[in-house]
Amino acid sequence: MAAVSIAPTDRVFVLTGAGISAESGLPTFRASDGLWAGYRIEDVCTPEALRSNPADVWAFYSARRENAFAAKPNPGHIALAELERKLGGRYFLCTQNVDDLHERAGSERLLHMHGELSKSRCSQQCGAPPVEDRRIYKSLEEVGRCVCGARLRPHIVFFGEIPLEMPRIERELMKSTVMIVIGTSGSVYPAAGFAQQARYAGGRTIYIGPEPPLNASVFTQSVTGNAAEVLPDLFAVQS
Ligand code: OAD
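## A closer look at the layout of surface pockets
- If you add up the space inside the largest pocket, you get close to 770 Å³.
- Lining the largest pocket are 44 residues, and of these Ala-18, Phe-29, Arg-30, Thr-184 and Ser-185 lie nearest its centre.
- For the lining of the largest pocket, the secondary structure elements donating two or more residues are α3 (54-70) and β9 (204-209).
- Ranked by residues supplied to the lining of the largest pocket, first place goes to β9 with three residues.
- Its residues assigned to classes, the lining of the largest pocket shows 24 nonpolar, 15 polar and five charged.
- In terms of domain composition, the lining of the largest pocket takes at least three residues from each of domain 1 (1-26 + 73-114 + 163-239) and domain 2 (27-70 + 115-156).

Below is the structure:
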């Protein structure tokens, strides 16, 4: 039975994290065997690491590209694309994920606040826009160059950097009446604060995942389970 009812006047803001891609075979970050296991964040995901050890940074993100590009969208990604088709402009998806499984499932109104694995950008921030780059680099020498001549870096938001397109996210947050958060541990800000913001603004806040996130108390409803199993039958869109 559908547990989340969407009224004709509702505007839905969806926030996804690594959990939505778990059943596509991509490991989450904070599971004991997860993505950070075996890596120190500061060695591969900080501006300092990019300056002092770009080879390790690129090796980490090349491996992640390889896994993500081989993965396939699961029924959770597909259910969200279906919800978007029903709601049109009343739907917005903000993902913390850097894989492209949402778009491959058919999502269009989406924003990657932590960047995208399939793009690279100038490591010297010359102002050139990010470029499509799906290459799996075997060595630092192979990494492409920006139009300004500087080496490219992954189009990923590192720790200590500001997430992308925050003003647009804020605008969408303020317009929404229903916040649906899926598969994120609630440990990385600012994303972890979105549900609280929505709740303060009087919206419904719903969490979907197998275990409570760190910010569980801000949700008005929780649905316990794996995204790929729960999402396909979760939404009742009223017309
Ligand atoms: P985490 O690894 O912190 O959390 C993953 C969440 O997914 C956990 O709460 C799990 O309970 C849940 N989960 C696991 N399997 C699931 C399933 N099948 N269905 C639904 N939920 C499931 O990952 P995030 O919260 O996404 O940032 O991490 C946030 C950010 O931290 C990432 O975007 C990344 C990382 O540092 C950057 O790289 C900038």
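On we go from here.
## Comments concerning the pairing of strand β8 (residues 178-182)
- Summarising burial for β8: five of the five residues are buried, a large majority.
- What you see with β8 is no split at all: Val-178, Ile-180 and Ile-182 on one side and Met-179 and Val-181 on the other are buried throughout.
- Of the pairings in the sheet, the one linking strand β2 (residues 12-16) to β8 comprises five bridges and is parallel in character. The partner of Val-12 across the bridge, within β8, is Val-178.

## Focus on the site of the ligand
- Taken together, 23 residues are adjacent to the ligand, and Glu-23, Arg-30, Thr-184, Ser-185 and Glu-211 come closest.
- In this structure, Thr-184 approaches the ligand through a side-chain N or O atom, which is 2.6 Å from an oxygen atom.
- Here Ala-227 contributes a backbone N or O atom positioned 2.9 Å from a nitrogen atom of the ligand.
- The pocket occupied by the ligand, as judged from atoms lying within 2 Å of grid points, is the largest pocket.
- For the shell around the ligand, the residue count by class is ten nonpolar, ten polar and three charged.

## As for the sheet that holds β8
- The parallel open sheet is built from six strands, whose spatial order is β4-β3-β2-β8-β9-β10. For this open sheet the edge positions go to β4 (110-112) and β10 (221-224), each flanked by a neighbour on one side alone. Averaged over all pairs of adjacent strands, the angle between their axes in this sheet comes to 15°, without regard to strand direction.
- Where strand β3 (residues 91-95) meets β4, three bridges bridge the pair, whose relative direction is parallel.

## So, the domain arrangement of the protein
- Domains assigned within the protein are domain 1 (1-26 + 73-114 + 163-239) and domain 2 (27-70 + 115-156).
- Computed over C-alpha atoms, the centres of domain 1 and domain 2 are 26 Å apart.
- Counting residues at the interface gives 18 residues for domain 1 and 14 residues for domain 2.
- Surface buried jointly by domain 1 and domain 2 totals about 1200 Å² across both partners, of which 57% is contributed by carbon and sulfur atoms.
- Summed over the shared surface of domain 1 and domain 2, the number is one salt bridge.

The rules behind these values
- Residues numbered from 1 in each chain as written.
- Predicted model: local features only at pLDDT ≥ 70, side-chain atom pairs only at ≥ 80, totals over all residues.
- Heavy atoms only, no water.
- 1 Å grid on protein atoms, 1.4 Å probe; cavity = no way out; pocket = protein on both sides within 12 Å on 5 of 7 lines; lining within 4 Å.
- Points joined across faces, edges and corners; volume = space filled by probe spheres on them.
- Helix = DSSP H or I, 4+ residues; strand = E, 2+ residues; numbered from the N terminus.
- Nonpolar A, V, L, I, M, F, W, Y, C, P; charged D, E, K, R; others polar.
- Domains from an automatic or database assignment.
- Buried < 20%, exposed > 50% of the residue type's maximum accessible area, 1.4 Å probe, protein only.
- Pairing = 2+ DSSP bridges.
- Near = heavy atom within 4 Å.
- Polar contact = N/O pair within 3.5 Å; in protein donor to acceptor, adjacent residues only side chain to side chain.
- Sits in = over half its atoms within 2 Å of the grid points.
- Axes fitted to C-alpha atoms, helices over the stretch in contact; angles between N-to-C directions.
- Contact = heavy atoms within 4.5 Å.
- Buried area = accessible area lost by both parts, 1.4 Å probe.
- Salt bridge = Lys/Arg side-chain N within 4 Å of Asp/Glu carboxyl O.

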